[in-house]
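# Summary of the model geometry
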Amino acid sequence: MGFASPGQRLLRAHIDPDILPRWLGTPDLSLSVGHVDPRPGGRFDIEARFPEGPRSVASGQFVDLAETRIRLEARLDTGIFAGIAPRPVQITLEIEAEAHGTRLTLSLRFADRTTRDAALNGSLAATLDRAYSRLDALLQD
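### Observations concerning the pairing of strand β3 (residues 43-49)
Of the two faces of β3, only one is covered, namely that formed by Phe44, Ile46 and Ala48; the face formed by Arg43, Asp45, Glu47 and Arg49 stays uncovered. Pairing of strand β2 (residues 30-36) with β3 involves six bridges; the strand directions are antiparallel. Bridge assignment links Val33 to a residue of β3, and that residue is Ile46. Taken together, β2 and the strand that follows it, β3, pair antiparallel across an intervening segment of six residues, in which Gly41 is found at a positive phi of about 90 degrees. Pairing analysis gives seven bridges linking β3 to strand β4 (residues 55-66), with the strands arranged antiparallel. Within β4, the residue paired with Glu47 across the bridge is Val57.

See below:
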């Protein structure tokens, strides 16, 4: 996914508890950031809640944090994944400068095929696509 903004702003938007809810949340999904400690070994806790639906919690720790990469180990507790119990997922964001902006590559490594399939067959891809469109607009302000 390409962004017009510099990589440093893109990285900050993923770790700043004041910025995260502005693009990751939606009018239909309230997002609260309980804790973000952006350093290797630092913890994070984020809760999303639909008005009349499931609650989703992501918590875990930063494994690696550099100017061009964030790697997280997270556990997702969510009704969005069709009632699947919390399972670990490894999230890696790679940020690469390009001639006219920045390229972000997001990789998700799920603990097992069932969790992966539930995420991909559910609304995860569409939700992330909308979130990153909001982030792109936010960073251009």
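### Focus on the side chain of Asp64
Inspection of the secondary structure assignment puts Asp64 in strand β4. One polar contact links Asp64 to Arg69, side chain to side chain, over a distance of 2.4 Å. The residues touching Asp64, leaving out its near neighbours within four places in the chain, are Arg69, Ile70 and Arg71.

### Observations concerning the confidence of the model for the chain
A residue-level look at the chain finds 89% of positions with pLDDT of 70 or above and a mean pLDDT of 83. Mean pLDDT across the elements of the chain bottoms out in strand β5 (residues 69-78) (78) and peaks in helix α1 (residues 7-15) (90).

### Focus: the environment of Arg71
Within the secondary structure layout, Arg71 lies in strand β5. The exposure class assigned to Arg71 is partly exposed, which follows from its relative accessible area of 27%. Separated by 21 residues in sequence, Arg71 and Thr92 have C-alpha atoms that sit 4.4 Å apart. Beyond its immediate stretch of four places on either side in the chain, Arg71 contacts Gln61, Phe62, Val63, Asp64, Gln90, Ile91 and Thr92.

### A look at the nonpolar core
In terms of nonpolar packing, the biggest core is built from 32 residues, with Trp23, Phe44 and Leu135 touching the most fellow members. The leading source of residues in this core is helix α4 (residues 124-140), at six residues. Setting aside residues no more than four positions away along its own chain, Phe44 makes contact with His35, Val36, Ala58, Ser59, Gly60, Gln61, Phe62, Leu72, Glu73 and Ala74.

### Observations regarding the environment of Asp112
Structurally, the position occupied by Asp112 is in the loop between β7 (101-110) and α3 (113-121). For the pair Asp112 and Val89, spaced 23 residues apart in the sequence, the C-alpha separation amounts to 9.1 Å. Reaching out from Asp112, the side chain makes a polar contact with the backbone nitrogen of Thr114 at a distance of 3.2 Å.

### Here's the deal with the packing of α1 against α4
Where α1 contacts α4, the axes come no closer than 11 Å and their chain directions differ by 125 degrees. Considering their axes alone, α1 and α4 lie oblique with respect to each other. Along this stretch, α1 crosses α4, giving a crossing that reads as right-handed. The segment α1 lies against α4, with Arg9, Leu10, Ala13 and His14 engaging Tyr132, Leu135, Leu138 and Leu139. Taken together, the residues of the contact of α1 with α4 sort by class into six nonpolar, one polar and one charged.

What counts, and where the lines are drawn
Residues numbered from 1 in each chain as written. Predicted model: local features only at pLDDT ≥ 70, side-chain atom pairs only at ≥ 80, totals over all residues. Heavy atoms only, no water. Buried < 20%, exposed > 50% of the residue type's maximum accessible area, 1.4 Å probe, protein only. Helix = DSSP H or I, 4+ residues; strand = E, 2+ residues; numbered from the N terminus. Pairing = 2+ DSSP bridges. Polar contact = N/O pair within 3.5 Å; in protein donor to acceptor, adjacent residues only side chain to side chain. Contact = heavy atoms within 4.5 Å. pLDDT = per-residue confidence, 0-100. Core = buried A, V, L, I, M, F, W, Y, C linked by side-chain atoms within 4.5 Å. Axes fitted to C-alpha atoms, helices over the stretch in contact; angles between N-to-C directions. Parallel < 35°, antiparallel > 145°, perpendicular 65-115°, else oblique. Left-handed = near helix turned anticlockwise from the far one by under 90°. Nonpolar A, V, L, I, M, F, W, Y, C, P; charged D, E, K, R; others polar.

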